[in-house]
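Below, each chain spelled out in residue letters.
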Amino acid sequence: MDVEIRTIAEHELEAWARANETAFGSEPDPDDIAREREVTELDRAFAALDGDEIVGTAAAYSLRMRVPGGADVATAGVTMVGVKPSHRRRGINSAMMRRLLDQARERGEPLAALFASEAPIYGRFGFGMATLHGSIDLETMRSTFVPAYRPSGRIRLRSLEEAIPTLVEVYARARVERAGAIELDDRRMRYALHDHGEDRRLPYFVAVHETDGRADGYVVYKVKHAWPKGIPSNELMVYDLQATTPQAYADVWRFVLDVDLIQHVTAWHRPADEPLLHLLADPRRLRLTLRDGLWLRLVDVPAALEARGYAAPGRLVVEVRDAFCPWNEGRFALEVGEVARCVRTGDPPDLLLDVDALAAAYLGGVRLHDLWRAGRVGAAVAGALELADRMLATDAAPWCPMAF
Ligand SMILES: CC(C)(COP(=O)(O)OP(=O)(O)OC[C@H]1O[C@@H](n2cnc3c(N)ncnc32)[C@H](O)[C@@H]1OP(=O)(O)O)[C@@H](O)C(=O)NCCC(=O)NCCS
């Protein structure tokens, strides 16, 4: 079977989006296709064609991701990956990943990133689990805050459409310290909040927190109704919650947990270091579950290592293995002083690892020590792991709040 892989033309976008939904066992609504049209970059949207039938899809968005130290780095946001059930396990996705990563390299993007439907798919392509995301499920009756909490500011309800510029502005300030968070403009914020799921028909509510007249926090949520025997047992589902100060963060959560007729509040895509855990008098009730969040790939190892900031100075020689993108193979000396420099070297290595392990540690969310304990990092020199973890450390856990 000959399958051709090429980018799509504008008139093919609907068939392409439909093929992707077929891979997921679903069907797009007209508004799904309209939203896709707004963000798809045709020169980065690949189709696999068997004759004239689109049997596979994969694309990248040109994103910018915050990395430790505060830079926003060009990132291929891999998305729309699907192969129809009739054509699975014949190497079609592998061929599309080849095209996407080659293209990211040609475009000079040091990073690629994605959210995976299933965790085992992307390790073979050099993606590492770089952030953990938390899901929570909290009964509102059990959500008393610690005594130190004092409410402040005010909450205003807004429609989603009128709130978009405020959400974008607050999100931009909230993500300053969060490695992993992508840049969002109005169009991307609308896309991120486009609900493809089973609750798509439920209305969005937006509550904006203000201090001295300035927005400094928000929550975007929906309510799923359940009234067994007439008892209100509704679920409030948090789609996004951001704040620029600890006070606003606590106030927005308090608002969410005090909405009437709600039995429990659920949220997903929360940061691994979710501060709500420390606000609750009974933190066990948060039922926080961690799982893989953002999968990251270093498309260009030295460029990626030079792009981020470091918590400590030092020099490390890392030997990188990268079977899928062999241009990254070899030894690199990372030297961090005033700035970070990373160049090829013939010096003996301090650390040896696969590129996916390096990607997992890149945003500071996974310690090299933990990967070493899992047998995924070799330490050739005493003290090298300690130095590497000191250099790569970040204050906040990395977090990409919005899927793409
Ligand atoms: C996941 C998917 C894109 C894989 O496409 P594919 O064309 O079958 O993948 P390939 O044939 O290139 O597979 C390459 C390798 O990945 C493995 N692989 C593929 N899908 C996998 C999965 N879901 N879990 C674990 N391994 C998987 C294959 O077994 C193969 O391994 P091998 O080389 O050791 O034999 C396809 O199964 C699909 O569309 N699934 C449903 C939608 C989905 O989950 N999309 C991903 C969104 S993030």
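Residues numbered from 1 in each chain as written. Predicted model: local features only at pLDDT ≥ 70, side-chain atom pairs only at ≥ 80, totals over all residues. Heavy atoms only, no water.

1. So, the sheet that holds strand 19 (residues 377–379)
Point 1. As summarised here, the arrangement of the 5 strands in space is 17-16-15-18-19, forming an open sheet in which the pairing is mixed. Bordering the open sheet on either side are strand 17 (340–344) and strand 19, each of which pairs with just one other strand. Neighbour to neighbour, the strand axes of the sheet diverge by 25 degrees on average, direction disregarded.
Point 2. Where strand 15 (residues 314–321) meets strand 16 (residues 330–336), 7 bridges bridge the pair, whose relative direction is antiparallel. When the sheet's bridge partners are listed, Arg-315 is paired in strand 16 with Glu-335.
Point 3. Relative to strand 18 (residues 351–354), helix 9 (residues 355–362) is tilted by about 100 degrees, and along the sheet it contacts strand 15 and strand 18.
Point 4. On the sheet, helix 11 (residues 384–392) packs against strand 15, strand 16, strand 18 and strand 19 and is oriented at approximately 100 degrees with respect to strand 15. (Pairing = 2+ DSSP bridges. Helix = DSSP H or I, 4+ residues; strand = E, 2+ residues; numbered from the N terminus. Axes fitted to C-alpha atoms, helices over the stretch in contact; angles between N-to-C directions. Contact = heavy atoms within 4.5 Å.)

2. Regarding a nonpolar patch on the surface
Point 1. A contiguous nonpolar surface patch, about 220 Å² in accessible area, is contributed by Met-129, Leu-132 and Leu-290.
Point 2. Along the polypeptide, Leu-290 turns up in strand 13 (residues 289–292).
Point 3. Residue classification places Leu-290 among the partly exposed residues on the basis of a relative accessible area of 41%. (Patch = residues over 30% accessible without salt bridge, like charges linked within 9 Å, V, L, I, M, F, W, Y side chains within 5 Å. Areas by Shrake-Rupley, 256 points an atom, 1.4 Å probe, with all protein chains shown as cover. Salt bridge = Lys/Arg side-chain N within 4 Å of Asp/Glu carboxyl O. Buried < 20%, exposed > 50% of the residue type's maximum accessible area, 1.4 Å probe, protein only.)

3. Re the site of the ligand
Point 1. As a matter of local geometry, the ligand sits amid 20 residues, with Val-83, Arg-89, Gly-91, Ser-94 and Ser-117 nearest to it.
Point 2. The separation between an oxygen atom of the ligand and a polar side-chain atom of Ser-94 is 2.7 Å.
Point 3. Between Arg-124 and the ligand, the recorded distance is 3.0 Å, taken from a side-chain N or O atom to an oxygen atom.
Point 4. Protein burial of the ligand: of its 890 Å² of free accessible surface, 72% is covered by the chains.
Point 5. Of the residues that constitute the shell around the ligand, the class distribution is 10 nonpolar, 5 polar and 5 charged. (Near = heavy atom within 4 Å. Polar contact = N/O pair within 3.5 Å; in protein donor to acceptor, adjacent residues only side chain to side chain. Nonpolar A, V, L, I, M, F, W, Y, C, P; charged D, E, K, R; others polar.)

4. Topic: the domain arrangement of the chain
Point 1. Each assigned domain of the chain is listed here: domain 1 (4–109), domain 2 (134–292) and domain 3 (295–392).
Point 2. Once you take the C-alpha centre of each, domain 1 and domain 3 turn out to be 29 Å apart.
Point 3. If you look at the interface, domain 1 gives 15 residues, while domain 3 gives 11 residues.
Point 4. Across the interface of domain 1 and domain 3, roughly 1,100 Å² is buried in total on both sides, 73% from carbon and sulfur atoms.
Point 5. Contact with domain 3 buries surface across domain 1, with Pro-68, Leu-101 and Arg-105 losing the most and accounting together for 48% of the total. (Domains from an automatic or database assignment. Buried area = accessible area lost by both parts, 1.4 Å probe.)

5. With respect to the nonpolar core
Point 1. One finds Met-189, Leu-296, Leu-298 and Leu-368 to be the most contacted residues of the largest nonpolar core, which totals 71 residues.
Point 2. If we ignore the near neighbours within four places in the chain, the residues touching Leu-296 are Met-65, Leu-111, Ala-112, Ala-113, Gly-126, Phe-127, Gly-128, Ala-130, Ala-359, Tyr-362 and Leu-363.
Point 3. Core analysis: the second largest hydrophobic core is formed by 27 residues, Ile-5, Ile-92, Leu-101 and Phe-324 among them. (Core = buried A, V, L, I, M, F, W, Y, C linked by side-chain atoms within 4.5 Å.)

6. Regarding helix 11
Along an α-helix, a turn takes 3.6 residues, which lines up residues three or four apart on a common side.
Point 1. Counting buried positions along helix 11 gives 7 out of 9 residues, so the element sits mostly inside the fold.
Point 2. Among all positions of helix 11, only Ala-384, Leu-385, Leu-387, Ala-388, Asp-389, Met-391 and Leu-392 are buried.
Point 3. Considering only its buried residues, helix 11 is in contact with strand 15, strand 16, strand 18, helix 9, helix 10 (368–373) and strand 19.

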